[in-house]
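A look at the structure
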Amino acid sequence: MIHIDMKARCGHHESNSYAEAHHGLCRKCHSNFAYIVELEEKYGEDALVEYWYSQILANLSDSKDAGCLIDHLIDFYQRKLAEVPSRQRYITKMLYMLRSVKDPFDASKLV
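To keep things clear, this report deals only with the structure shown in the data block. Computed from a predicted model, the values in this text were never measured in an experiment.

Across its 17 residues, helix α2 (residues 27–43) extends 24 Å between first and last C-alpha, which sits within 8% of the 24 Å expected from 1.5 Å per residue. Along α2, the residues that are buried comprise Cys29, Phe33, Ile36, Val37, Leu39 and Glu40. Buried residues of α2, seen end-on, are gathered within an arc of 155 degrees and therefore sit on one face of the element. Away from the buried face of α2 by more than 90 degrees, exposed residues Glu41, Lys42 and Tyr43 are located. Gly44 sits one or two positions beyond α2 and adopts a positive phi of about 95 degrees.

Further remarks concern the nonpolar core. Ile36, Leu48, Leu73, Tyr77, Tyr90, Met94 and Leu98 are the most contacted members of the largest nonpolar core, which has 18 residues in total. Counting residues per element, the ones that place at least two in this core are α2, α3 (45–60), α4 (64–83) and α5 (88–102). In contact with Leu48, not counting residues within four places along its chain, are Ile36, Leu39, Glu40, Tyr77, Tyr90 and Met94. Listed in part, the six residues of the second largest apolar core include Ala8, Ala19, Leu25 and Cys68.

Moving on, we come to α5. Look at α5: 21 Å from first C-alpha to last across 15 residues, which is about the 21 Å you get at 1.5 Å a residue. Turning to α5, its buried residues are Tyr90, Ile91, Met94, Leu95, Met97 and Leu98. Summarising the axial view, the buried residues of α5 lie within an arc of 165 degrees, below the 170-degree limit, and thus occupy one face. Facing away from the buried surface of α5 by more than 90 degrees, the exposed residues are Arg89 and Tyr96.

With that out of the way, let us pick up the packing of aromatic side chains. Considering all chains together, one arrives at two aromatic pairs under this definition. The interplanar angle of 75 degrees and the centroid separation of 5.1 Å between the aromatic rings of Phe76 and Tyr77 together place this pair among those described as edge-to-face. No difference in accessibility class separates Phe76 from Tyr77, as the two residues are buried. Aromatic side chains Tyr77 and Tyr90 sit 6.3 Å apart centroid to centroid with 80 degrees between the ring planes, which places their arrangement in the edge-to-face category. Of this pair, Tyr77 sits in helix α4 while Tyr90 sits in helix α5; the two residues are 13 residues apart in sequence, bridging distant segments of the chain. Tyr90 shares its class with Tyr77; the two are buried. Clustering of aromatic rings is evident, with ring pairs tying together Phe76, Tyr77 and Tyr90.

What counts as what
- Residues numbered from 1 in each chain as written.
- Predicted model: local features only at pLDDT ≥ 70, side-chain atom pairs only at ≥ 80, totals over all residues.
- Heavy atoms only, no water.
- Helix = DSSP H or I, 4+ residues; strand = E, 2+ residues; numbered from the N terminus.
- Expected span 1.5 Å × (residues − 1).
- Buried < 20%, exposed > 50% of the residue type's maximum accessible area, 1.4 Å probe, protein only.
- Arc of directions from axis to C-beta.
- Core = buried A, V, L, I, M, F, W, Y, C linked by side-chain atoms within 4.5 Å.
- Contact = heavy atoms within 4.5 Å.
- Phe/Tyr/Trp six-rings, centres within 6.5 Å; stacked < 30°, edge-to-face > 60°.

Function cannot be read off these values alone, since they describe shape.
Printed below as a string of C-alpha cells:
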C-alpha cells in the first residue's frame, strides 16, 4: 500500500485518502469539527454557544488550530444559512460570534 501525503484544505498534511473522504480536512480538524456538530445535534443550540465561550475563548484563542477551526465553522454556517432558512436567526448569531472571535473588537480604537 502506498501512502501519499498531501496538504489538506485546512493547511495541515494528511494522507490523500483520508482528506478526500473527510471533505479535505486533516484528522485533527475533522475530529474537532465532528465533535462540535455532534454537540449541537445532541444538546441544542444553547449548549453549542456555551461550548464556544468556554472552549474557544478560553483554550483555543492562542492556538494556531483555532483559526483553522473557526474558518471551517464560518464556511459551514454560511452554507447552512442558505440550506436552512428557518434557522437564520441562530445561524447569523453563530456567524457573528465566530467572526468576532477571529477579529475581536478593540474599544481603544474608538477613542
